Amino acid sequence: MIDVKHLSKSFGDHLVLDDISEHISPGEKVVVIGPSGSGKSTFLRCLNLLETPTSGSIIFNGQEITDPKIDINAIRRQMGMVFQHFNLFPNMTIRKNITLAPVQTKLMSQEEADDTATALLRRVNLEEKADAYPAQLSGGQKQRIAIVRSLAMKPQLMLFDEPTSALDPEMVGEVLAVMKELAEEGMTMVVVTHEMGFAREVGTRVLFMDGGKILEQNEPHTFFANPKQPRTIDFLSKVL
Amino acid sequence: MSFLEKFTLIFTNAKYLESMLTGLKMTLVISVGAAALGLVLGTIVALVGIAQSKNPLMKLPKLICAVYVTVIRGTPMALQLFIMAFVVFAIRGFPLEVTAIIAFGINSGAYVSENIRGGILSVDIGQTEAGRSLGLTAGATMRYIVIPQAVKNVIPSIGNELIALIKETSIVSMIGMYDLTAASKNLASGQNLANYLAPMTAAALFYLAIVYLLTFAVKKIEGRLRQSDRR
Ligand SMILES: Nc1ncnc2c1ncn2[C@@H]1O[C@H](COP(=O)(O)OP(=O)(O)O)[C@@H](O)[C@H]1O
Ligand SMILES: [Mg+2]
């Protein structure tokens, strides 16, 4: 589904991603972990070109999306992204948050989008919030809305950048539950997180990033039971 | 005649009242026209200012806008008005109202553009990223997500800008126009009331009333836009 070839990214003369090559297959749930500042967010944001790679290429479903001639908006419609700070649109109702993109991109008529929004809200048990504004919701509710807002575009791939890091502890569970359900339905997911329980339970593969490189990766059980690199062992001893 | 008698006379004597109202009308015409021009101009200049500088086609417009804002903000309003009246539109029969509206509109646009630019930049970058990650174009993201939030942020400062504009129009008598301030000066003369305090007080009250109404309107609009903030 995604092929990353020799991806590098610098901010000024600060090399943040250092020649990363990686392949993500349909249906995979790739969990990215690593210390703060290791380049996890930058890697994720390069996948939907919120950051422009300095060099290297990214191929999505056979299309080279790093080609400047590509219609990046059409590509992004097929990838959802969930942010640490939700980024709901505060000036719109929840329903409008969900329907804006499908309607504006002509994926759906307003009626279809409204029906989709109702169905998605039902799925996360927030039907009664359709006409509320984001400011009226709790953090956990906001993040569940942010997830279904992305799903309204019917993406093939979902990117999550620390979706539970800004939440009060008691709200983490409700967001992880929605993500787990999504994973069970077969969604391809790339998740940056510090939730090691989620990585173990839901992940099909764990990537450990440090210093702009993917230092180590494995299937979760082996990864956590048997880390090989000293940096990985050190990191896991701090977070587990 | 006491102050109070002279003051009352301004509103009871038909000739005096008409004089004041003629001046008031001119003040309003210039203010409304300049405000409209300033808002349009300010919005355009702000959008050019924040447009991606990578596009080489945007370099010249960006430079023009930057020079415009710097020159207008760095020179006195009276001088700008003189240049418009005695140089640019020094054409016989050219209506002075139009000259004044253009001069004040251009001046106001420079300040408004700075307000709007600040308002747009104050919207969290995460809003733009969320819009773009959903596949919206840069234009649609700006129009549906960023601008509505920026407008909410800039309404108070735009209101202040309009208030400053209305008061600043009082210098148009310097190019021989008859506005509210000129009317009060006229009424103060020897052939009329032969008194400064009464007509000046009356004019002050008119200005205060306009500013008060505008402040009230801005508060109302602000309250409406804050609807989505309620918890
Ligand atoms: N827009 C930016 N401009 C400059 N430096 C940045 C920018 N974004 C990230 N960085 C730097 O890149 C490094 C990696 O950041 P990031 O990908 O956010 O790491 P992580 O998500 O793993 O914490 C950090 O040192 C950060 O300061
Ligand atoms: Mg990060």
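Residues numbered from 1 in each chain as written. Chains lettered and ligands numbered in written order. Predicted model: local features only at pLDDT ≥ 70, side-chain atom pairs only at ≥ 80, totals over all residues. Heavy atoms only, no water.

Draft legend 1. Structural view of the pattern of salt bridges. According to the stated counting rule, one finds 15 salt bridges over all chains in the structure shown. Between Asp210(A) and Arg231(A) there is a salt bridge whose closest N-O contact spans 2.6 Å. On the criterion of sequence distance, the pair formed by Asp210(A) in strand E9 (residues 205-210) and Arg231(A) in helix H9 (residues 230-239) is long-range, its members being 21 residues apart. Asp210(A) gets classed as buried once you look at its relative accessible area, which sits at 13%. On the accessibility criterion, Arg231(A) (47% relative accessible area) is partly exposed. Two residues, Arg73(B) and Glu114(B), come together in a salt bridge whose shortest N-O distance is 3.8 Å. (Salt bridge = Lys/Arg side-chain N within 4 Å of Asp/Glu carboxyl O. Helix = DSSP H or I, 4+ residues; strand = E, 2+ residues; numbered from the N terminus. Buried < 20%, exposed > 50% of the residue type's maximum accessible area, 1.4 Å probe, protein only.)

Draft legend 2. A look at the packing of helix H5 (residues 139-151) of chain A against helix H6 (residues 169-184) of chain A. All names here are of chain A. At a minimum axis separation of 8 Å, H5 and H6 run at an interaxial angle of 20°. Looking at the two axes, H5 sits roughly parallel to H6. Crossing hand, H5 versus H6: right-handed. Contacts between H5 and H6 pair Gly139, Gly140, Gln141, Gln143, Arg144, Ile147 and Leu151 from the former with Met171, Glu174, Val175, Val178, Met179 and Leu182 from the latter. (Axes fitted to C-alpha atoms, helices over the stretch in contact; angles between N-to-C directions. Parallel < 35°, antiparallel > 145°, perpendicular 65-115°, else oblique. Left-handed = near helix turned anticlockwise from the far one by under 90°. Contact = heavy atoms within 4.5 Å.)

Draft legend 3. Quick look at the nonpolar core. Counting residues in hydrophobic clusters, the biggest one holds 47 residues, and the most contacted among them are Met20(B), Leu81(B) and Phe104(B). The contacts of Met20(B), once residues within four sequence positions are left out, are Ile10(B), Leu180(B), Ala183(B), Ser184(B), Leu187(B), Pro199(B), Ala202(B), Ala203(B) and Phe206(B). Ranked by size, the runner-up nonpolar core spans 39 residues in total, among them Leu17(A), Val30(A), Leu47(A) and Ile65(A). (Core = buried A, V, L, I, M, F, W, Y, C linked by side-chain atoms within 4.5 Å.)

Draft legend 4. Fine view of the interface of chain A and chain B. Contact with chain A, which involves 26 residues of that partner, is made by 21 residues of chain B. Interface area, chain A with chain B, both sides summed: about 2,100 Å², of which 57% is carbon and sulfur. The largest per-residue losses of area from chain A upon contact with chain B belong to Phe89(A), Asn91(A) and Ala135(A), which jointly make up 22% of the total buried on that side. Counting the contacts that link chain A with chain B gives six residue pairs in polar contact (both at pLDDT 80 or more). Those elements that provide at least two residues to the side of chain A that touches chain B are helix H2 (72-76), strand E6 (79-82), helix H3 (94-104) and H5 of chain A. Taken together, the residues that form the side of chain A that touches chain B break down as 14 nonpolar, eight polar and four charged. (Buried area = accessible area lost by both parts, 1.4 Å probe. Polar contact = N/O pair within 3.5 Å; in protein donor to acceptor, adjacent residues only side chain to side chain. Nonpolar A, V, L, I, M, F, W, Y, C, P; charged D, E, K, R; others polar.)

Draft legend 5. Region of interest: the packing of aromatic side chains. Residue and element names in this part refer to chain A. Applying the stated criterion to the full structure yields seven aromatic pairs over all chains. The ring of Phe89 carries the charged tip of Arg149 above its face, separated from the ring centre by 4.3 Å. Taking the ring centre of Phe224 as reference, the NZ or CZ of Arg200 above it sits at 4.7 Å. (Phe/Tyr/Trp six-rings, centres within 6.5 Å; stacked < 30°, edge-to-face > 60°. Lys NZ or Arg CZ within 6 Å of the ring centre and 35° of its normal.)

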